[in-house]
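# A closer look at the structure
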Amino acid sequence: SDMRMANRLLPWFLAIVLSIVSGAATPGCRTLVREAFRSPKVRVVDVALVSNPLADPRLPWEFLLRLEVENRNDYPLRVAYVAYSAILGRDTVADGELHDDIRIEAAGLSVVQVPLSIRPEAMEAAVRQVISGRAVTYEFNGSVGLTIPVLGVVRIPFSKTGGFDPVDLLKRKGFGIN
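Here goes a summary of the coordinates provided. (Residues numbered from 1 in each chain as written. Predicted model: local features only at pLDDT ≥ 70, side-chain atom pairs only at ≥ 80, totals over all residues. Heavy atoms only, no water.)

## Points about the sheet that holds strand 6 (residues 108-118)
To keep it simple, the criterion reads: Strand pairing is assigned whenever DSSP identifies at least 2 bridges connecting the two strands. The helix count covers DSSP runs of H or I at least four residues long, the strand count covers runs of E at least two residues long, and both are numbered beginning at the N terminus. Convention adopted: a line fitted to C-alpha atoms gives each axis, helices being fitted over their contacting stretch, and angles between N-to-C directions are expressed from 0 to 180 degrees.
Reading across from one edge, 1-2-6 is the order of the three strands in this open sheet, with antiparallel pairing throughout. Taken across any chain shown, the strands that pair with only one partner, and hence form the sheet edges, are strand 1 (41-49) and strand 6. Put simply, the sheet's adjacent strands are angled 20 degrees from each other on average, direction ignored. Where strand 2 (residues 61-71) meets strand 6, eleven bridges bridge the pair, whose relative direction is antiparallel. Bridge pairing in strand 6 places Leu 67 opposite Val 112.

## With respect to the pairing of strand 3 (residues 77-88)
By the bridge criterion, three bridges tie strand 3 to strand 5 (residues 102-104) in an arrangement that is antiparallel. Across the sheet, Leu 77 pairs through a bridge with Ile 104, a residue of strand 5. Two elements, strand 3 and strand 7 (residues 136-148), share ten bridges in a ladder whose sense is antiparallel. Across the sheet, residue Val 79 finds its bridge partner in strand 7, namely Leu 146. By the bridge criterion, seven bridges tie strand 3 to strand 4 (residues 91-98) in an arrangement that is antiparallel.

## Things to note about the packing of aromatic side chains
This is how the line gets drawn: Between 30 and 60 degrees the pair is tilted, below 30 it is stacked and above 60 it is edge-to-face, where a pair is any two Phe, Tyr or Trp rings, Trp via its six-membered ring, whose centres lie within 6.5 Å. Burial classes follow relative accessibility: with a 1.4 Å probe on protein chains only, a residue under 20% of its type's maximum area counts as buried, one over 50% as exposed, and anything between as partly exposed.
Under the counting rule described, the total for this entry stands at one aromatic pair. Aromatic side chains Tyr 138 and Phe 140 sit 6.0 Å apart centroid to centroid with 50 degrees between the ring planes, which places their arrangement in the tilted category. A relative accessible area of 22% places Tyr 138 in the partly exposed class. Given a relative accessible area of 12%, Phe 140 falls into the buried group.

## Details of the pairing of strand 2
In the sheet, strand 1 pairs with strand 2 via eight bridges, with the strands oriented antiparallel. Across the sheet, residue Asp 46 finds its bridge partner in strand 2, namely Arg 66.

## Side note on unusual backbone geometry
Backbone geometry places Ala 107, a non-glycine residue, at a positive phi of 45 degrees. Here Ala 107 shows up in the loop between strand 5 and strand 6. The phi dihedral of Val 150 falls on the positive side, at around 75 degrees, and the residue is not glycine. Checked against the element boundaries, Val 150 lands in the loop between strand 7 and strand 8 (152-164).

## Side note on the pattern of salt bridges
Where we set the bar: The salt bridge definition used is simple: a Lys or Arg side-chain nitrogen within 4 Å of an Asp or Glu carboxyl oxygen.
Tallied over the entire structure, the rule returns five salt bridges. Ionic pairing is found between Arg 58 and Asp 56, a salt bridge with its closest N-O pair at 3.1 Å.

## Observations regarding the nonpolar core
This is how the line gets drawn: Side-chain atoms within 4.5 Å link the members of a nonpolar core, which is a set of buried Ala, Val, Leu, Ile, Met, Phe, Trp, Tyr and Cys residues. Should any heavy atoms of two residues lie within 4.5 Å, those residues are counted as being in contact.
Of all hydrophobic cores here, the largest spans 33 residues; its most connected members are Leu 65, Leu 67, Val 82, Val 112 and Phe 158. Once residues within four sequence positions are removed from consideration, Leu 65 is found in contact with Val 44, Asp 46, Val 47, Tyr 84, Val 112, Gln 113, Val 114, Leu 116, Phe 140 and Phe 158.

## Re the side chain of Ser 110
This is how it is decided: Polar contacts here mean pairs of N or O atoms no more than 3.5 Å apart (in protein, one a potential hydrogen donor and the other a potential acceptor; neighbouring residues in sequence count only if both atoms are side-chain atoms).
Locating Ser 110 in the fold gives a position in strand 6. At 3.4 Å, the side chain of Ser 110 and the backbone nitrogen of Glu 105 are in polar contact. Beyond its immediate stretch of four places on either side in the chain, Ser 110 contacts Leu 67, Glu 68, Val 69, Arg 103, Ile 104 and Glu 105.

Below you can see the structure in the form of C-alpha cells.
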C-alpha cells in the first residue's frame with residue numbers, strides 16, 4: 001500500500017522538481033546562449049536591375065538586392081524576415097518586407113536575395129533630379145531578422161549609401177551622350 005502510494009506520487013514529485021529546475025535554468029541558459037552568440041554581419045553586395053523597363057514603361061522596375069550574411073556561429077540560423085527601404089535622391093522609391101524561410105549555414109557566408117520593385121513615377125522623379133544636377137545619390141537601409149535558438153528573433157541592421165553620375169554610366173555603356 002505504501003509502495004503503491006509512492007508510485008502514484010513519484011510522477012507528481014518529479015514534475016514539480018523538473019518545473020522548478022527548468023524555470024530556474026531557462027534564464028541562466030538564455031544568458032549563456034546570449035554570451036556565446038556571435039552576432040552575424042550583413043552587408044549589401046549589390047543591386048541589379050532584372051527587368052527591362054523599356055518593354056512596358058508603365059510597369060514597375062524590378063531589382064534584386066543581394067545581401068551577404070556572415071554567420072560567425074557554429075550552428076545554422078534561419079532568416080525570419082528582411083525589411084528594407086531604397087532611397088534615390090531625396091525620395092523613398094521602394095520599401096517592404098520579405099518573409100521567406102532562408103537557411104544561413106553555420107560558420108560561413110550566405111547570400112540572401114531580396115526582390116524589390118520601383119514604381120515608374122519614382123524613377124521619373126530621379127530622372128528630373130539627374131537633369132537638374134547630374135549626380136544621383138542612393139541609400140539602401142534595412143534589417144535582417146534572424147531566428148536564434150533560445151533567444152528568438154535578433155535584428156541585424158544593414159545600410160549602403162553612394163552615388164553615381166548617370167551620364168558617365170551611359171558613356172561607359174557605349175551610349176553617345178554629350
